[in-house]
Structures are given as structure tokens and as C-alpha cells.
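# Examination of the molecular architecture
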Amino acid sequence: MSTLEIKDLQVSVHTEDGPKEILKGVTLTVRSGETHAIMGPNGSGKSTLAYSIAGHPKYTVTGGSVTLDGVDLLAMTVDERARAGLFLAMQYPVEVPGVSVSNFLRTAKTALDGESPKLRTWVKDVNTALANLNLDPTFGTRSVNEGFSGGEKKRHEIAQLELLNPQVAILDETDSGLDIDALKIVSEGVNRFRAQEGKGVLLITHYTRILRYIMPDQVHVFVDGKVAESGGPELADQLEANGYEKYVAGAAV
Amino acid sequence: MTVTDVARESVSAALEVDRVESHLNPPASYDLADHPVPSGREEIWRFTPLKRLRGILDGAASEAHLTWETTVPEGVTLREVTGEEVVAMGELAPNDRPSALAAANAGRAMLLDVPAEAVVTEPVVLHLHGESVEDLVWGRLLVRVGANADVTVVVNHTGSARYAAITTVLVGDGARVNVLTMQDWDDDAVHLGRDAIRVGRDASVKHTSISFGGDLVRMHANVEYAGPGGAAELLGLYFADEGQHLEHRLFADHMAPKTKSHVLYKGALQGAGAHTVWIGNVLIRKVAEGIETYEENRNLVLTDGCQADSVPNLEIETGEIAGAGHASATARFDDEQLFYLRSRGVSEKEAQRLVVHGFFNDLIRKVGIPSVEERLLKTVEAELAKNVLNAGSDGPAEEAP
Ligand SMILES: Nc1ncnc2c1ncn2[C@@H]1O[C@H](COP(=O)(O)OP(=O)(O)O)[C@@H](O)[C@H]1O
Ligand SMILES: [Mg+2]
């Protein structure tokens with residue numbers, strides 16, 4: 001069981017001219033076992049939503065609430081949120097020079113479980129997770145995200161998703177910049193994850209392309225810091241045909 | 001060819017090079033008059049807190065010694081010689097007052113001889129230990145490596161003393177030498193060290209300076225070339241704690257064509273008054289065509305109240321170079337890195353620990369002496385335990401959600 005409940009979330013960033021409001025009251029509930037797609041134009045605040053839920057220090061929550069199974073996420077530190085079952089696949093994964101992928105994965109797994117993983121099964125699990133995402137076994141010896149191609153970064157994020165196996169995953173434009181083969185590989189990883197009992201997925205994307213491989217239960221159109229419209233998968237087809245124009249024009253009025 | 005011949009040839013090669021005076025580096029000289037007592041305003045002294053040298057620069061005579069515990073593998077000899085002998089063997093003359101005083105006052109020198117063609121698999125280890133900071137000790141060492149020899153020399157400093165030393169490494173043609181000096185002193189030690197290396201034709205040298213301990217440590221690593229094709233890699237790792245002054249001064253003097261220098265120094269600072277200085281001077285003389293040089297210094301500031309000075313200098317007198325560059329950066333923990341790690345469940349302190357280990361890892365892997373590499377990983381961990389990992393200290397506070 002895992003329900004991510006976002007209520008009237010308001011978030012601002014600090015700028016030279018003072019605080020700038022980016023999220024203007026976002027309300028959204030991802031229930032256990034559901035996949036929700038968030039679609040919106042660039043700059044509409046999608047990453048801000050993802051980062052705020054995960055607790056990035058750059059963003060200040062000025063109102064509203066975010067809970068995971070009724071527990072207040074916003075009161076937790078970044079790592080506490082992860083240990084509560086949240087995972088964020090980032091749009092721009094960060095380089096950590098000198099820290100090997102395998103060390104990073106083991107450290108994360110140990111932190112999440114509160115004990116180090118059993119060596120034999122762990123090595124096998126890591127190799128399987130990497131192989132599933134079409135990542136070379138030597139990938140484990142490379143520094144986290146350093147010198148990775150765009151596609152490798154995204155596949156590494158999904159390998160982490162499978163290994164760390166959270167309750168709720170937020171995927172921020174995991175599809176962008178991927179060729180069609182990589183998109184399929186990444187989608188298969190996400191589908192394996194959500195085939196498990198009770199997992200929630202919040203899939204942030206700019207394009208409808210990935211929704212051909214990962215079928216959402218609900219689609220939300222995100223414009224100017226809030227949800228402009230919600231509906232079923234058919235809403236994605238409308239967006240595919242008509243784009244965001246209608247919503248953007250509405251927001252500008 | 002005997003090793004003495006190699007050294008003599010090196011000396012004559014040097015005389016053929018036009019004497020160009022680098023304004024960054026005073027000329028080398030045994031004459032104390034050439035190295036007056038500094039006021040602190042001199043370019044080469046402006047970063048060093050002179051008071052904390054505890055009178056070393058006065059140059060009082062002293063009979064005190066460090067105790068030497070040595071591992072000298074077969075084929076290598078270590079013996080005492082006179083000052084005149086090391087000068088005749090081609091010792092590289094002092095380039096500052098402490099090294100000139102060490103040459104004048106040491107009274108004797110240690111000579112480590114590695115014959116030509118010798119391949120010494122086990123490292124030579126010189127473990128120098130001081131009993132007390134009350135002891136003023138002058139040190140003088142010449143390492144002579146014959147042509148095509150292959151050797152690793154580790155000089156480890158522990159305990160305490162006020163220690164000024166002049167060390168010369170003469171590397172024969174085609175030799176491969178790995179020299180490492182570790183400053184693992186007690187808190188109150190003062191160490192002024194000058195290591196100077198002359199790289200033979202087509203020889204390659206790695207010099208690593210590691211400073212963790214001591215109240216004030218100021219180390220020179222100078223490299224010059226006896227002929228074309230020599231390559232030098234100068235590495236350094238330091239970790240300055242509260243109140244410590246750790247200074248590393250590099251000078252790569254490209255006086256022969258097709259030579260290389262590659263410098264990488266990395267340091268971390270933590271605690272009030274932790275001060276590090278890195279000076280990277282590179283001189284490319286007119287004759288030194290087709291050389292390559294790259295120098296890099298990176299500092300990671302772990303807490304408030306630290307200061308990292310980092311000054312790269314490149315003097316170029318010829319247009320015909322294959323490559324020259326430098327980079328210098330001093331940074332605090334990167335919020336994005338910490339966020340990324342923490343978003344995977346890793347605690348803030350554990351994330352900081354990973355980042356610091358990661359910061360030093362590439363450097364540690366380059367050291368090329370397995371026993372030292374292992375020890376360095378542990379030492380970094382121990383340094384982290386003092387602050388970053390130590391909850392409730394004045395380390396970085398847990399960030400509010
Ligand atoms: N530090 C900042 N200063 C000013 N504006 C910012 C800052 N960070 C983000 N923004 C603005 O917030 C808006 C939303 O950005 P983002 O959440 O990245 O959008 P999306 O992911 O939908 O493309 C954009 O208009 C962006 O310019
Ligand atoms: Mg975005």
C-alpha cells in the first residue's frame with residue numbers, strides 16, 4: 001500500500017528579485033498501484049514539483065501538503081523521504097566523481113534497508129539490473145554519472161529504480177533524449193517495477209511517445225504551476241493531436 | 001656507465017642551458033647571503049606564518065637527529081657521506097633559506113644509491129621519527145638512481161620536531177622512480193622540506209607529497225630535466241585540520257625539449273584556522289620546445305573558517321609547446337551532489353563521506369604504491385571522523401527539511 005497525496009502544493013524559488021512562485025497550488029493523488037502521467041510544456045514547473053516532493057534545498061514550500069500513506073513527507077529530510085519509500089529518477093542526474101556505481105548502489109541499498117545486502121545475491125542483483133537496462137557489467141566500476149552518455153544516465157536511473165525498489169517513483173522526463181531502443185529498454189524497466197503489487201508511479205513527460213510503452217491510469221495536463229486538466233489516457237491522445245496551445249493560451253489570459 | 005657519471009653528465013647538461021631567472025623562483029645557491037631572513041612580504045614567504053616556524057630561520061646549529069628506521073632492499077645502499085661529497089655528486093642547490101640552512105647545518109648527508117639497471121620491486125622505506133618539537137633538526141638526503149633503474153622510495157615522517165631538510169633526487173637516463181613523502185607528524189611539528197628532482201633523458205618520475213599532520217608544513221617539490229624526453233608526475237594530497245598550515249610549493253623548470261610535467265594536488269580543509277597553500281610554478285624555457293605541462297589543484301572546504309590559497313603560474317618563453325594548461329578550484333560541498341546521494345536514502349553525513357572519498361579516490365589510485373594507497377584510504381576516513389562524521393561537533397549542521 002502506498003498513496004502519494006499532494007494537496008494545494010505551493011512552492012517558490014529564491015531569486016535575486018526575491019522569491020518567485022512556481023507551483024501555484026498542485027493537487028494530485030497517486031493511489032497504490034496507479035500510474036499517473038504529468039504532461040506539460042517546458043517551464044511549467046514539472047521538475048519543480050518532482051524536486052519539491054523529494055526535498056531539494058533550492059525549493060521552498062510555502063503552502064499545501066505532501067503525504068505518503070498519510071505521513072507528512074515535507075517534515076522529513078531528503079534521505080528520510082527516500083527511506084519512507086520515495087524515489088526520484090532525475091531529469092539531469094548528477095555526477096559524483098570518484099564514487100563508483102557499485103559503491104553508490106551498495107551504500108544506497110544499505111541505507112534503505114538499515115543493513116548491508118547479502119554479498120552473493122547482491123552482486124547477482126546488481127549485474128541483473130544493469131544487464132536488464134543494457135548496461136555493461138564494467139559499468140559498476142565507473143564513477144556515478146561521470147562521462148555517461150545521456151542515455152546511460154537515464155538507464156542508470158531506472159536500474160536504481162529496480163534495485164532500490166521504492167513504493168512510489170517519480171520519473172522526471174526519463175524519456176527525453178532517448179532513442180527508440182533505449183526508450184523501450186527504459187519503459188520495460190518501469191513496467192517491471194510497476195507490475196509489482198501496490199507500486200505508484202508519477203511519470204513526468206513532455207512528449208506522449210513514452211505513453212505508448214507505459215500506459216497511464218490518469219493523465220494530468222500541467223501548465224503554469226498547476227494541473228489544468230485531468231483525465232484518462234485519452235487525454236494524452238488529445239495532447240498529441242492538439243498540443244498544449246489551448247492550455248497555455250488559457251493560462252496567459 | 002656508473003651512477004657517478006650519470007650525475008656528472010647531468011651537471012654539465014645544466015650548464016649548457018641559458019641561465020634564465022624565473023622571477024617566481026629565486027636562484028638556487030648555497031650562500032646564505034642569497035637567502036636573507038624573510039620579513040614575510042617576499043613573494044615566496046607571503047603565505048607562511050613566520051612566527052610559527054619557531055626560530056628555524058635563525059639557523060642555530062643543532063646536534064639533534066630524527067631516528068631513522070629503514071627498509072633497504074637488496075641492491076640498494078644507504079650510507080652516510082659528507083656535505084662536500086653530495087655537492088660533488090650533483091646535489092641540487094638550496095632555493096630558499098630553510099634548505100640552505102639545512103645544507104649548512106646538517107653536518108652530514110645520507111646517500112641512497114640505486115645502481116644502474118637495478119629493478120627494485122620492494123619499496124625503500126625511510127621512516128623518520130622525531131621525539132619532541134624542542135628538537136631542532138637539519139636533514140640532508142641525496143637519492144641517486146642510475147640509468148634504467150626502477151625504484152620506489154617512501155619517506156615517512158612521524159612524531160615531532162622542528163625539521164628543515166634538503167632532499168635531492170637524481171634520476172638517471174631512462175630510469176623510473178616513484179618517490180613519496182608523507183608528513184604524518186604530531187600536532188605541534190614544524191617541517192620545512194625541499195625536494196628537488198633532476199629527471200634524466202627519457203626517465204620518468206612520480207613524486208607524491210602527502211600532508212596530514214604537523215602545525216606547520218611547507219614542502220617544495222621542484223623538478224628539472226637533464227635532457228629531452230623526461231616526464232614528471234607531481235602528486236599531492238593534504239588534509240588540514242583546525243589551526244594547521246599546510247603549504248605545497250611546486251616548480252617545474254622545463255629546461256629541455258620534449259619534457260613533460262603533470263601536477264595534481266588535492267586537499268581538504270576542516271575546522272577554524274585550517275589554512276592550505278598551493279603554489280604551482282611552471283617555467284618553460286626557450287630551449288624547451290615541444291613540452292607538455294598541465295597542473296591542477298583542487299580544494300574541498302568542509303567547514304567554515306578555513307582558507308585555501310591556490311596560485312598557478314605559467315611562464316612561457318617559447319611558442320613551440322605541445323600543450324600547457326592549469327586549473328585551480330576551491331569549492332564547498334556541492335548541494336546537487338549531496339541531494340542526489342541523499343535522494344537514494346543515504347544520510348547527509350554518509351553522503352559527505354562518499355563525496356570526500358570520491359574527491360581523493362582518483363588521486364590515491366595514482367600513487368602506485370599499494371600499501372600506501374590502502375593506508376591513505378584509512379587516513380582519509382580517520383580525518384573525516386574528526387569532523388564530517390562526528391555528530392555534534394562544529395561540522396556541517398544537519399540541514400533543516
Ligand atoms: N533558481 C531559479 N530562479 C528563477 N527561476 C527559476 C529557478 N529555477 C526554476 N525557475 C523557473 O521555474 C519554472 C519551472 O521550471 P521547471 O520546474 O524546471 O519546469 P519544467 O520541468 O516543467 O520544464 C521555469 O520558468 C524556470 O525558469
Ligand atoms: Mg523539467
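Please read these numbers as outputs of a predicted model, since none were measured by experiment.

### Structural notes on the site of ligand 1
Residues and elements named next belong to chain A.
- Residues in close proximity to ligand 1 total 13 residues, the closest being Ile22, Gly43, Lys46, Ser47 and Thr48.
- In the environment of ligand 1, a nitrogen atom lies 3.5 Å from a nitrogen or oxygen atom belonging to the side chain of lysine 20.
- Backbone polar atom of serine 44 to an oxygen atom of ligand 1: 3.2 Å apart, as the coordinates give it.
- Compared with its free state, where it exposes 570 Å², ligand 1 has 68% of that area covered by protein.
- Among the elements of the structure, strand S1 (4-15), strand S2 (18-30) and helix H1 (46-54) are those that each provide at least two residues to the shell around ligand 1.
- No other element matches H1, which puts three residues into the shell around ligand 1.
- Looking at the shell around ligand 1, its residues break down into three nonpolar, seven polar and three charged.

### With respect to the sheet that holds strand S4 (residues 59-68) of chain A
All names here are of chain A.
- Spatially, the four strands line up as an open sheet ordered S2-S1-S4-S5, and their pairing is antiparallel. Of all strands in the sheet, those bounded by a partner on one side alone are S2 and strand S5 (71-72).
- By the bridge criterion, eight bridges tie S1 to S4 in an arrangement that is antiparallel. By the bridge assignment, valine 13 is partnered in S4 with tyrosine 59.

### A word on the domain arrangement of chain B
All names here are of chain B.
- As assigned here, chain B comprises domain 1 (3-332) and domain 2 (334-401).
- Taking the mean C-alpha position of each, domain 1 and domain 2 sit 29 Å from one another.
- The interface is formed by 31 residues belonging to domain 1 together with 23 residues belonging to domain 2.
- Summing both partners gives a buried area of about 2200 Å² for domain 1 against domain 2, and 69% of it is carried by carbon and sulfur.

Rules used throughout
Residues numbered from 1 in each chain as written. Chains lettered and ligands numbered in written order. Predicted model: local features only at pLDDT ≥ 70, side-chain atom pairs only at ≥ 80, totals over all residues. Heavy atoms only, no water. Near = heavy atom within 4 Å. Polar contact = N/O pair within 3.5 Å; in protein donor to acceptor, adjacent residues only side chain to side chain. Areas by Shrake-Rupley, 256 points an atom, 1.4 Å probe, with all protein chains shown as cover. Helix = DSSP H or I, 4+ residues; strand = E, 2+ residues; numbered from the N terminus. Nonpolar A, V, L, I, M, F, W, Y, C, P; charged D, E, K, R; others polar. Pairing = 2+ DSSP bridges. Domains from an automatic or database assignment. Contact = heavy atoms within 4.5 Å. Buried area = accessible area lost by both parts, 1.4 Å probe.

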